[in-house]
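# Residue-level structure breakdown
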Amino acid sequence: MTRILHLSMLYPPHIMGGAERSVALLAEAQVAAGHAVAASCISPTGWKEEERNGVRVWRMPHETDFWPEEWPQHHVLARGVRRFKQQFNHRIEAHFGRVIDAFRPDVVHTHSLLDVSTRVWLAARARGLPVVHTLRDFDLACGTAAMFRDGQRCRRRCLECRGFTFMKARHHRAVDAVVGVGAGILRSHLELGYFGHVAEQLRRVIWNPAVVEGIGADYVKPSLAGQPLTFGYLGRINVEKGVGTLLDACARLPVGDWRLLVAGKEASEADSLRPRAAGLPVEFLGFVPPREFFDRIDVLVVPSLWAEPLPRTILEAYAAGVPVIGADSGGIPDLIGAHNREWLYPPGDAAALAQAMLRVWARGRDALPRREAFASVLQDTTPRKVARRYLELYDEVRAHRAAHGRRSPVARAAAGASA
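Just so it is clear, the structure is predicted and the values come from calculations on it, not from any experiment.

### Quick word on the overall build of the protein
Looking only at helices and strands, the protein has 14 helices and 16 strands in total. For the protein, whose C-alpha radius of gyration is 22 Å, the value lies close to the compact-globule estimate of 22 Å for 419 residues. Here the contacts in the protein between residues at least 6 apart in sequence split such that 70% fall between residues at least 24 apart. Carbon and sulfur atoms provide 51% of the accessible area of the protein, an area that totals close to 18300 Å². Charged side chains of the protein number 55 positive and 44 negative; the gap between the two group centres comes to 6 Å.

### Observations regarding the environment of Ser188
As for its placement among the helices and strands, Ser188 is situated in helix α6 (residues 183–191). Taking the C-alpha atoms as reference, Ser188 lies 9.1 Å from Phe138; in sequence the two are 50 residues apart.

### Observations regarding the confidence of the model for the protein
When the pLDDT values of the protein are averaged, the result is 90; 95% of them are 70 or greater. Counting interchain partners and residues more than four positions distant, the pLDDT-below-50 stretch residues 410–419 has five contacts.

### Section: the pattern of salt bridges
Evaluation of the coordinates by the stated rule reveals 21 salt bridges. Of the charged contacts in the structure, one is a salt bridge between Lys48 and Glu50, with a shortest N-O distance of 3.8 Å. Residue Arg341 is joined to Asp328 by a salt bridge in which the shortest nitrogen-to-oxygen separation is 2.6 Å. Placement of Arg341 in the loop between α10 (332–336) and β16 (344–345) and of Asp328 in the loop between β15 (324–327) and α10 is noted, with a sequence separation of 13 residues between them. Overlapping salt bridges, with partners in common, bring together Lys48, Glu50 and Arg59 in one network.

### A few points about the pairing of strand β14 (residues 299–302)
Because side chains alternate across β14, one face comprises the buried residues Val299 and Val301, and the other comprises Leu300 and Val302, equally buried. When β14 meets β15, the two strands line up parallel, connected through three bridges. Its bridge partner lying in β15, Val302 is registered against Gly326. As a crossover connection, the stretch from β14 through helix α9 (residues 312–319) into β15 is right-handed.

### A closer look at the packing of aromatic side chains
Each aromatic ring pair is summarised here by two numbers: the centre-to-centre distance and the angle between the ring planes. Evaluation of the coordinates by the stated rule reveals 10 aromatic pairs. Taking 5.9 Å as the distance between ring centres and 55° as the angle between the ring planes, the aromatic pair formed by Phe66 and Trp71 counts as tilted. With centroids separated by 6.2 Å and ring planes inclined at 45°, the aromatic side chains of Tyr194 and Phe195 adopt a geometry described as tilted. A relative accessible area of 1% means that Tyr194 is categorised as buried. Look at Phe195 and you get buried, because its relative accessible area is 0%.

### Brief notes about the state of the cysteines
Inspection of the entire model under this criterion finds zero disulfides. Cys161 provides the cysteine sulfur closest to Cys142, a residue in no disulfide bond, and the two sulfurs are 3.8 Å apart. On the basis of relative accessibility, which here comes to 4%, the residue Cys142 falls in the buried class. Cys161 gets classed as buried once you look at its relative accessible area, which sits at 9%.

### Some points on the sheet that holds strand β2 (residues 36–43)
Taken together, eight strands build an open sheet; the order of strands is β3-β4-β2-β1-β5-β6-β9-β10 and the sheet is mixed. The open sheet has two edge strands with one neighbour each: β3 (48–52) and β10 (203–205). Averaged over all pairs of adjacent strands, the angle between their axes in this sheet comes to 20°, without regard to strand direction. Relative to β2, strand β1 (residues 3–7) is paired through five bridges, and the arrangement is parallel. Opposite Ile4, over in β2, you have Val37 as the bridge partner.

### A short note on the nonpolar core
Across soluble globular proteins, nonpolar side chains have a tendency to be buried as a group. In terms of nonpolar packing, the biggest core is built from 71 residues, with Tyr11 and Phe96 touching the most fellow members. It is helix α13 (residues 383–403) that contributes the most residues to this core, seven residues altogether. Setting aside chain neighbours within four positions, we find Phe96 in contact with Leu5, Leu7, Ser40, Met60, Val108, Val120 and Ala123. Formed by 60 residues, the second largest nonpolar core is a distinct cluster that contains Phe284, Val288, Ile297 and Trp361.

### Comments concerning the side chain of Arg59
Secondary-structure assignment places Arg59 in strand β4 (residues 55–61). A distance of 2.7 Å separates a polar side-chain atom of Arg59 from the backbone oxygen of Pro12. Among the polar contacts listed, one links the side chain of Arg59 to the side chain of Glu50, at a separation of 2.6 Å.

### Details of the packing of helix α3 (residues 90–103) against helix α4 (residues 119–126)
Close contact between α3 and α4 brings their axes to 8 Å; oriented N to C, the two are set at 40°. The orientation of α3 with respect to α4, classified from their angle, is oblique. Both α3 and α4 take part in a crossing whose hand is right-handed. Residue-level inspection shows His90, Ile92, Glu93, Phe96, Gly97 and Ile100 of α3 in contact with α4, the latter providing Arg119, Val120, Leu122, Ala123 and Ala124.

Cut-offs and rules
Residues numbered from 1 in each chain as written. Predicted model: local features only at pLDDT ≥ 70, side-chain atom pairs only at ≥ 80, totals over all residues. Heavy atoms only, no water. Helix = DSSP H or I, 4+ residues; strand = E, 2+ residues; numbered from the N terminus. Rg over C-alpha atoms; globule rule 2.2 N^0.38 Å. Contact = heavy atoms within 4.5 Å. Areas by Shrake-Rupley, 256 points an atom, 1.4 Å probe, with all protein chains shown as cover. Lys, Arg positive; Asp, Glu negative; His and termini not counted. Charge placed at Lys NZ, Arg CZ, Asp CG, Glu CD. pLDDT = per-residue confidence, 0-100. Salt bridge = Lys/Arg side-chain N within 4 Å of Asp/Glu carboxyl O. Buried < 20%, exposed > 50% of the residue type's maximum accessible area, 1.4 Å probe, protein only. Pairing = 2+ DSSP bridges. Right-handed = clockwise from strand over helix to strand, strands pointing away. Phe/Tyr/Trp six-rings, centres within 6.5 Å; stacked < 30°, edge-to-face > 60°. Disulfide = S-S within 2.5 Å. Axes fitted to C-alpha atoms, helices over the stretch in contact; angles between N-to-C directions. Core = buried A, V, L, I, M, F, W, Y, C linked by side-chain atoms within 4.5 Å. Polar contact = N/O pair within 3.5 Å; in protein donor to acceptor, adjacent residues only side chain to side chain. Parallel < 35°, antiparallel > 145°, perpendicular 65-115°, else oblique. Left-handed = near helix turned anticlockwise from the far one by under 90°.

Pasting the structure below:
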């Protein structure tokens, strides 16, 4: 049995994105496999300890000037000061040290640290513990965690981002193994100078686990016969997600028996993209549960402009038997596959996206790939399979450290007791 301590910015039921869902699925799958698992995260309300589905959860005070969800309420200067100071958050390091001492893990596994100082790695290193980090965004290299600015993907780190992340660029050397949820995000960090110290065999690509509530092995998608061919978009409605490109592509399609359903939250009323949908067969639904949304569409479109590491909406769509047209960006081609090039298009190219949508529309609903076409991706993203791959990595990390004379206090104590 391995004692595993996960750390991410958030943990359910507090959810702002896909990372916390993925971490919880992984942690619970590791519990099901017979391991002792705990999770730690930051909280707006201070210390709390609880158990969720067999996972012991510590919620720590965030120790920053204001909670992340209060971001829009603060002036740009206050945001910048907070972002810079976060790198030096010694108090969160001490809090995490307290969690480590209480749980006594064999391995520390960190995830999205967007609003958690990377000083937590130093707390683990001070206790001789191996650290595995999963890259789910660009927070180590970019002040906004997206490597995206002024409507364009960043090809290099700007001076501002270097200032907001310079301590992270030092702390990363406390990591023993690194995982990218997609090949692109791992490659990008290596190119930016991160994790070059990590042994090559301890750099991995492991896809996220994905489960859609209400969609199991016996799921049957409802018939949409008699309805227009329906394209769908699910996620945040903003520029970097490529929703503008999708609406521009729709404007290029001929009038006919098709429509687009857009589900998700808009960035703000001021930045609304609704005016670009005027006169088009486009409906904005607001929040819709994934199962309900996939029941209503034929094809999902994932038009991200930024290098999205591994969109879980694709995995959820495949679980529902919904094919995906996606931008050739970030981890999207990892899931769609190099052999399905006609389902990919250059990011930001509305004309190319329109052509991809037109091909699907012209062939009709009956020609769409079925759920079995995505079986290999779905098999590789079951929580059980993902948990097994991480457990194998933990074992390799611990073996590597032992071979180089570095063992955790727990391991040293066990060795002493058996001597």
